[in-house]
Structure formats: C-alpha cells, structure tokens
Amino acid sequence: MREDGPCPNAVMKWDQRIFVAELNVKHFRQKLAGPLDEARRRTMTALLATEEETLARLKSAAAERDLAALLDLLAARARTAFDSDLFVRNPALREAFLQSLKGLPFGIGLVDADGNMIIANEAMQHLVPSRIPSRDADRMRRFQSADELRPLQWPGARALRGDAVNPGIAFVFTSEDGRSSEVRVAAIPVRDENARIVGALAAAYDLKLLADNETRQALAIALEEEAERQSRDGTTDGAR
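The model shown is predicted, which means the values in this text are computed figures rather than measured ones.

Visitor: Looking at this structure, I do not really get helix H1 (residues 16–33). What am I missing?
Guide: Each α-helix winds once per 3.6 residues, and so residues spaced three or four apart point in a common direction. The terminal C-alpha atoms of H1 lie 26 Å apart, and with 18 residues this matches the ideal 26 Å at 1.5 Å per residue to within 8%. Considered for burial, the residues of H1 that qualify are Ile18, Ala21, Val25, Phe28 and Leu32. All buried residues of H1 project into a common sector of 95° when viewed along the axis, lining one side. Residues of H1 that are exposed and angled more than 90 degrees away from the buried face: Gln16, Lys26, Gln30 and Ala33.

Visitor: How should the side chain of Asn121 be read in this particular structure?
Guide: Mapped onto the secondary structure, Asn121 falls in the loop between strand E2 (117–120) and helix H5 (122–127). Here Asn121 falls in the buried class, since its relative accessible area comes to 2%. A polar contact is formed between the side chain of Asn121 and the backbone oxygen of Leu101, at a distance of 3.2 Å. With near-sequence residues (within four places) excluded, Asn121 lies in contact with Leu98, Leu101, Lys102, Leu104, Phe106, Gly107 and Ile108.

Visitor: How should I be thinking about the pattern of salt bridges in this particular structure?
Guide: Opposite charge on two side chains lets them pair, provided their charged atoms get close. The full count for this structure, using the stated rule, is 12 salt bridges. Residue Lys102 pairs with Glu95 through a salt bridge whose shortest N-O separation is 4.0 Å. The partly exposed category is assigned to Glu95, whose relative accessible area is 36%. Between Glu226 and Arg229 there is a salt bridge whose closest N-O contact spans 2.5 Å. Here Glu226 and its partner Arg229 are both found in helix H9 (residues 213–233), 3 residues apart, which amounts to about one turn of the helix. The same class applies to Glu226 and to Arg229, which are both buried.

Thresholds, definitions, all that
- Residues numbered from 1 in each chain as written.
- Predicted model: local features only at pLDDT ≥ 70, side-chain atom pairs only at ≥ 80, totals over all residues.
- Heavy atoms only, no water.
- Helix = DSSP H or I, 4+ residues; strand = E, 2+ residues; numbered from the N terminus.
- Expected span 1.5 Å × (residues − 1).
- Buried < 20%, exposed > 50% of the residue type's maximum accessible area, 1.4 Å probe, protein only.
- Arc of directions from axis to C-beta.
- Polar contact = N/O pair within 3.5 Å; in protein donor to acceptor, adjacent residues only side chain to side chain.
- Contact = heavy atoms within 4.5 Å.
- Salt bridge = Lys/Arg side-chain N within 4 Å of Asp/Glu carboxyl O.

The structure is reproduced here in structure tokens:
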C-alpha cells in the first residue's frame, strides 16, 4: 500500500450480474418485511435464499479473478528481482515487496525454487512460517486436502513444477491450538526471462471473507497501486 494511505479513487469493477443479484436480494427482503400470507412468504423466502446464494457465488468468483490478476502482477515484479538477484543484494527492495503484501487481508507470500517462504505477510506466516507444506513433513500434517490430494498435487508443489493453481484448492488447516478452519490456497510459478522457474507466489484465503465488499475493495486498491508502480518502474507485464 502507499505510504500516504490507500488510493481514494480505487473502486471495484462494476459487474452487472452482481448488481442485479444485489437488487433482487434487496427486493425480496423488502417483500418479506411486509404483510404476506403463508404461501407467499414461503415463496419469497425460497427466492431470497436462491438470490443470496447466487450473489455469494458471483462475488466469490469476482474476488478470485481480482486475486488472480494481483498475483500475476506481483509475480512480474518478483521475476525482475529474481532475475538480477536483487532480493539478495537489496534489502530495501525486499522490504518494499513486503510492504505491498502487508495491507492485504489474506495470506500471501513469495516462495523460492526450493519451497522456502522468503517474503510473506503476517497471515501467511501463520499458515506457512518457513517452507511450503508439501516440502515440510511437520507442517504437512496441519493441512488436509478437501479432495484428498497427494502433497505433490498441492498448489505450491505444482507451481514450482510450472502449473498455475488459481483459483485455489480447498484445505482444512489446523492451528497449533487445535482450531480448524477452511482455507483455499492458490499458487502460480515465477519464471525468469528464460522461462526457468525461480519461485512461486502463493495466496491463502477464506473464500467468504475474500468475497466481502471490504476485502474486494482492498484488492481493487492493491491492483491499482501495483499497476501504477510497475508502469512507473517499467516492470514487464505478466509472469511467464
């Protein structure tokens, strides 16, 4: 995020389907607040539930599209730094990259080619403090794939083999205090100018929270600021 605060002009992309679903939800809630016979109330309740489900699905999809775009932009900046070994030689550059991740309300981090988490915000450090779970037997036990995937099929492992896993794959994460929560993990490869894989960029998020209006606004701000930064610095677009 910018040192002088978030960009006040960043807005979420307008989506007609979300707009219509929001209007429908509002309409059915207003109807249910008024006088209705029992049959009509049951109908309106069912219609409201359908529209709320549709709205949640549309918002989730929109949020994951924005997250995918942000990961691509950040991977482009990381690729440039990996190419010239700048992350090793220039601590200020590492700190600038970390600052771009700190304000995001979900886990996000940069992994080197050996699976080590080298730059991560606080949320990602909680989930993956050192190495990606597929390469850390102790950490692996805290993640359970909802689809019972083998560790080699997990997002980080796949990204380091060249596969983009985005949107994320669902896991159940168990923290040190025994609490379990569902988290989705996305990961994309970071390639150098010769298309060699030099690392990966990973994100871990609660899908419902990601689709929240406040989180989507934070994504919109991060996207705008990263695009402006790369335009100003001359970073090439996209992570090959």
